[in-house]
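Residue-level structure breakdown
Read off the chains here:
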Amino acid sequence: MSEAAEVLGVHKKTVRNWINDGLPVVDEKRPLLISGTDLKIFVRQQRKRNRRKCRPSEIYCLRCREAREPTPGTAKFVQEEGGTGRVFARCCECDSKVNKYFSWRNLDALRREL
């Protein structure tokens, strides 16, 4: 269990919570053994379940934990490598920094929305 936490960069209590949430263990004896394949599948399912879709005019705010409209006039577009871009703005509710990755081909449409 502690090795799984170390590999994923999380606290071992997080792995313990995952076991309580359904992460299968090899047996109930200590130390708890977790199959790498089971761990990979479980983490992938958790991430997929927690993923939130944003409309083109929204950016996900980590503080609010909601998709929010950015504050008007705060959007700044930066080109990244590999044809991607990133937009930085401020959340309209809590004024925290938010960002969103996008394909550089969609820049014109995204600028119209934001």
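In this report, we go over the structure that sits alongside the text.

Scanning the entire structure with this criterion turns up one salt bridge. One salt bridge connects R55 with E58, and the closest N-O pair in it is separated by 2.6 Å.

Turning our eyes to something else, we now look at the pairing of strand β3 (residues 76-79). By the bridge criterion, four bridges tie β3 to strand β4 (residues 84-90) in an arrangement that is antiparallel. Note that in β4 the partner of Q79 across the bridge is G85. Taking the residues that link successive antiparallel strands as the turn, the β3-β4 hairpin has four residues, and the phi of G82 there is positive, at about 75°.

This next bit is on helix α2 (residues 12-20). For α2, every residue scored as buried is listed here: V15, W18 and I19. Buried positions in α2, seen along its axis, are confined to an arc of 100° and lie on one side of it. In α2, the exposed positions that point more than 90 degrees away from the buried face belong to K13 and N20. Tucked into the core, α2 has its buried residues touching α1 (2-8) and α3 (36-50).

The rules behind the values
- Residues numbered from 1 in each chain as written.
- Predicted model: local features only at pLDDT ≥ 70, side-chain atom pairs only at ≥ 80, totals over all residues.
- Heavy atoms only, no water.
- Salt bridge = Lys/Arg side-chain N within 4 Å of Asp/Glu carboxyl O.
- Pairing = 2+ DSSP bridges.
- Helix = DSSP H or I, 4+ residues; strand = E, 2+ residues; numbered from the N terminus.
- Buried < 20%, exposed > 50% of the residue type's maximum accessible area, 1.4 Å probe, protein only.
- Arc of directions from axis to C-beta.
- Contact = heavy atoms within 4.5 Å.

Any link to function would need more than the numbers given here.
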